[in-house]
Amino acid sequence: SKMATEYLEDVLQGRQVIHSLDVEDLPLGEHQFWFQVASDGLGQPKNMPVTVFKGSQDGPKLMITAGIHGDELNGVLAAQQIVRDLVGQSLHGTVTIVPTVNLPGLLNHSRDFVSSDPGSCPANLNRFFPGNPEGTAAERFVASLWQRLLKPNATFAVDLHTQTRGAVYPLYVFSDFRIPQCIELARLFEPDCVLNDPGDPGILETVWNRSGIPSVTVEVGMGKFTQLDMIQRAVDGVFRILTFYGMLQGEQRLPEINWVEGNKVVSVRAEIGGFILPQVELLQSVIEGELLAIQYDAFGDENKRYFAPCDGRVLSYNVDALREPGALVTRLIS
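Reading the values: the criteria
- Residues numbered from 1 in each chain as written.
- Predicted model: local features only at pLDDT ≥ 70, side-chain atom pairs only at ≥ 80, totals over all residues.
- Heavy atoms only, no water.
- Helix = DSSP H or I, 4+ residues; strand = E, 2+ residues; numbered from the N terminus.
- Buried < 20%, exposed > 50% of the residue type's maximum accessible area, 1.4 Å probe, protein only.
- Contact = heavy atoms within 4.5 Å.
- Salt bridge = Lys/Arg side-chain N within 4 Å of Asp/Glu carboxyl O.
- Expected span 1.5 Å × (residues − 1).
- Pairing = 2+ DSSP bridges.
- Axes fitted to C-alpha atoms, helices over the stretch in contact; angles between N-to-C directions.

Now for the side chain of Gln81. Its location among the elements puts Gln81 in helix 1 (residues 73–86). Judged by relative accessible area, Gln81 falls into the buried class, the value being 14%. Aside from chain neighbours lying at most four places away, what touches Gln81 is Ile231, Gln232 and Val235.

And the structure:
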């Protein structure tokens, strides 16, 4: 049974509320809806903003999501800027933008999904796709999102993230190199780093790819820290994608590779508690045994040094000095 766009009785802030979306049955042009993904413990709807740009002819359907982790705002800001920049463009195919996936996480400044059910939360939403309509609050939220909004409306997809709070990332793409279009998508971002990554179960990118919908995850810098240059690079990448696949007019070419493409990421984690000062810069080349960070105890006395376990490039390091055992110190890509 083919799904249709199902309109609810409600209008919220001048925009219609929908229960499901099928971009095929929308008229041409620009549309904004509230997608009623779930309800909270008081029975109030959780409404998610959705913008659809439906072009003048049949063509690819690009889905852009952001904010699956509620404290990763550069991706949200990039998705919103893509909406602003697409207004009035002559488009071939359809672009759907869902900039604030994890509604309760965003409102709670939380990476995780937050619900009123203590048994099911907090939950990392990006481990639950495609969800379960009979499961916990988080699993139902994801199932509703996947079945009624995401899956029916994409031939390929981009999911925008940032590094978790407390550490820094460059513009960094996860891409499954077994899928040729995923290689193209990654390279069109002109990123700093690409990881050839087969994906893990429950992650949106993986579930897209296993559903025959090529997808990449793009890390747009730091969590909860506005980086306008990173945001602009992510936006530029999406517009290169739209041009490359003939959705917008322009030159259809893949950029020359001048970034790191790796198959392995190694995380160095704190072994004791204390305050850690990094001794490396982002994207710096390091050799095995090179000093990465120095740790100090609560009195300020040095108590540990961390060294590179292998050769590589610095992919991430802590910018939050306070580190307990197991917390990230440095991440290398090789």
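That shown, we press on.
Attention shifts here to the pattern of salt bridges. Note that side chains of opposite charge can pair when their charged atoms are close. Within the structure shown, the criterion is met by 10 salt bridges. The shortest N-O distance in the salt bridge between Arg111 and Glu72 comes to 3.0 Å. Here Arg111, found in the loop between helix 2 (103–107) and helix 3 (137–150), pairs with Glu72, found in the loop between strand 5 (61–66) and helix 1; they are 39 residues apart in sequence, far enough to count as distant. For Arg111, a relative accessible area of 23% puts it in the partly exposed group. Residue class for Glu72 comes out buried when judged on its relative accessible area of 2%. Of the charged contacts in the structure, one is a salt bridge between Glu271 and Lys304, with a shortest N-O distance of 3.1 Å. Of this pair, Glu271 sits in the loop between strand 13 (265–269) and strand 14 (274–278) while Lys304 sits in strand 17 (residues 302–307); the two residues are 33 residues apart in sequence, bridging distant segments of the chain. You can call Glu271 exposed: its relative accessible area is 53%.

Moving on to helix 3. For helix 3, spanning 14 residues, the distance from its first C-alpha to its last is 18 Å, which sits close to the expected 20 Å at 1.5 Å a residue. Counting buried residues along helix 3, 10 of its 14 residues qualify, which places the element largely inside the surrounding structure. Restricting attention to buried positions, one finds in helix 3 the residues Ala138, Phe141, Val142, Ala143, Ser144, Leu145, Trp146, Arg148, Leu149 and Leu150.

Of the strand pairs in this sheet, strand 1 (residues 6–12) and strand 2 (residues 15–20) are connected by four bridges, and their pairing is antiparallel. What sits directly across from Leu12, in strand 2, is Arg15. Between strand 1 and strand 2, which pair antiparallel and follow one another directly, the connecting turn spans two residues, one of which, Gln13, has a positive phi of 50 degrees. Inspection of the sheet shows strand 2 paired to strand 3 (residues 29–39) by two bridges, in the parallel sense. Along strand 3, the bridge assignment pairs Ile18 with Phe35.

Of all five residues in strand 9 (residues 171–175), five are buried; the element is thus mostly enclosed. Neither face of strand 9 is open: one carries Leu171, Val173 and Ser175, the other Tyr172 and Phe174, and all of them are buried. In this structure, strand 9 lies alongside strand 11 (residues 215–220), joined through four bridges in antiparallel fashion. Within the sheet, the bridge partner assigned to Tyr172 lies in strand 11 and is Glu219. Pairing analysis gives four bridges linking strand 9 to strand 10 (residues 193–196), with the strands arranged parallel. Bridging across to strand 10, Phe174 finds its partner in Leu195.

Pairing is mixed across the open sheet formed by 11 strands, whose spatial order is 1-2-3-4-6-5-7-11-9-10-12. A single partner strand is all that each edge strand has here, and the edge strands are strand 1 and strand 12 (260–262). Each strand of the sheet is rotated relative to its neighbour by a mean of 25 degrees, with strand direction disregarded. Together, strand 2, strand 3, strand 4 (45–54), strand 5 and strand 6 (94–98) form the strand contacts of helix 3, whose direction differs from that of strand 3 by roughly 155 degrees.

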